[in-house]
Amino acid sequence: RLESGAKQYGIFTLISEATYHNEFEDENGNKRKVSEFIEARFLDRITVVGKSEPVKVYEVFALKGQLSEDEQKCIDNFNGGMEFYLNMKWDEAREKFLEAEKYERYPDSKITPSRLFAMRCEDFKDNPPSVPEGEKWDGVYRLTSK
């Protein structure tokens, strides 16, 4: 399900929070986490078709310490956009996502995560996600196709 989800974001490697935080023993018997070895950006909270529990998903960028300067700019701007997005500040989020778009790894793709979120912000500005009164929006996006 995450493989098809990756296509909707225009990326190649999408992992779940469980994978990102997966703990294992290295060859010396030390407990390690996958997140210690990779550079990834938080991408979204989603529910996939057929499931109701939301899952945090991440895009894998590189091995730890191997981000290019442009990749770091992309992640930093995207993270700034995500902070505004999760607080339903659509204009501010859109601006940050559009800045991140300049540094996306596959700018010629039909869709990139930054472009997708900028479009979501435009849509949510006109059609805000419904939130029960007195509650905060959970930021969950429901994927509608496999």
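Residues numbered from 1 in each chain as written. Predicted model: local features only at pLDDT ≥ 70, side-chain atom pairs only at ≥ 80, totals over all residues. Heavy atoms only, no water.

Peer 1: What am I meant to see in the sheet that holds strand β6 (residues 140–142) here?
Peer 2: Two pairing modes exist for strands in a sheet, parallel and antiparallel, and in both the strands are linked by backbone hydrogen bonds. A sheet is described by the order of its strands in space; here four strands give the open sequence β1-β5-β4-β6, paired in mixed fashion. Strands at the two margins of the open sheet, each flanked by one partner only, are β1 (14–16) and β6. Pairwise comparison of adjacent strand axes, ignoring direction, gives a mean angle of 45° for this sheet. Strands in contact with helix α3 (residues 69–86) are β4 (38–47) and β5 (55–63); relative to β4, the strand with the most contacts, it is inclined by about 30°. Against the sheet, helix α5 (residues 113–126) touches β4, β5 and β6, its axis set at about 35° to β4. (Pairing = 2+ DSSP bridges. Helix = DSSP H or I, 4+ residues; strand = E, 2+ residues; numbered from the N terminus. Axes fitted to C-alpha atoms, helices over the stretch in contact; angles between N-to-C directions. Contact = heavy atoms within 4.5 Å.)

Peer 1: Whenever I open this one, the pairing of β4 confuses me. Can you help?
Peer 2: Summarising burial for β4: nine of the ten residues are buried, a large majority. Judged from the eight bridges that link them, β4 and β5 form a sheet pairing that is antiparallel. Opposite E39, over in β5, you have A62 as the bridge partner. By the bridge criterion, three bridges tie β4 to β6 in an arrangement that is parallel. When the sheet's bridge partners are listed, I46 is paired in β6 with Y141. (Buried < 20%, exposed > 50% of the residue type's maximum accessible area, 1.4 Å probe, protein only.)

Peer 1: So what exactly am I meant to see when it comes to the nonpolar core here?
Peer 2: The nonpolar side chains of a soluble globular protein tend to be buried with one another. Grouped together as the largest cluster of nonpolar side chains are 29 residues, with contacts concentrated most on Y9, L43, F78, M82, Y85, F97 and F117. For this core, the elements supplying multiple residues, two or more each, are α1 (2–9), β1, β4, β5, α3, α4 (90–101) and α5. The residues contacting F117, other than those within four sequence positions of it, are Y9, L43, D44, F78, M82, Y85 and F97. F61, L67, C74 and I75 belong to the second-largest nonpolar core, a separate cluster that totals five residues. (Core = buried A, V, L, I, M, F, W, Y, C linked by side-chain atoms within 4.5 Å.)

Peer 1: I tried to follow the environment of G29 on my own but got confused; where do I start?
Peer 2: You can see G29 is positioned in the loop between β2 (23–25) and β3 (31–33). Put simply, G29 and T112 are 83 residues apart on the chain and 39 Å apart in space, counted from C-alpha to C-alpha.

Peer 1: Help me understand empty space enclosed by the protein in this model?
Peer 2: Think of a ball as big as a water molecule: rolled over the atoms, this probe shows where empty space is left. By the definition in use, this model includes two cavities of 30 Å³ or more. The calculated volume of the largest cavity comes to roughly 40 Å³. Looking at the largest cavity, the residues that line it are G10, I11, R41, E59, F61, E104, R105, Y106, T112 and P113. A class-by-class count of the residues in the lining of the largest cavity yields four nonpolar, two polar and four charged. (1 Å grid on protein atoms, 1.4 Å probe; cavity = no way out; pocket = protein on both sides within 12 Å on 5 of 7 lines; lining within 4 Å. Points joined across faces, edges and corners; volume = space filled by probe spheres on them. Nonpolar A, V, L, I, M, F, W, Y, C, P; charged D, E, K, R; others polar.)

Peer 1: Would you mind going over the packing of aromatic side chains with me for this structure?
Peer 2: How two aromatic rings sit relative to each other is given by the distance of their centres and the angle of their planes. Going through the model one piece at a time under the given rule, you end up with 15 aromatic pairs. Ring geometry for F78 against F97: centres 5.1 Å apart, planes inclined by 55°, an arrangement best described as tilted. Taken together, the positions of F78 in helix α3 and F97 in helix α4 put the pair 19 residues apart, joining distant regions of the chain. Measuring from ring centre to ring centre gives 5.0 Å for Y85 and F117, while their planes differ by 80°; the resulting arrangement is edge-to-face. Residue Y85 is located in helix α3, and its partner F117 is located in helix α5; the two are separated by 32 residues in the primary sequence. The exposure classification of Y85 matches that of F117, with both residues buried. Ring pairing ties together the aromatic residues F78, Y85, W90, F97, F117, F124 and W137, which thus form one cluster. (Phe/Tyr/Trp six-rings, centres within 6.5 Å; stacked < 30°, edge-to-face > 60°.)

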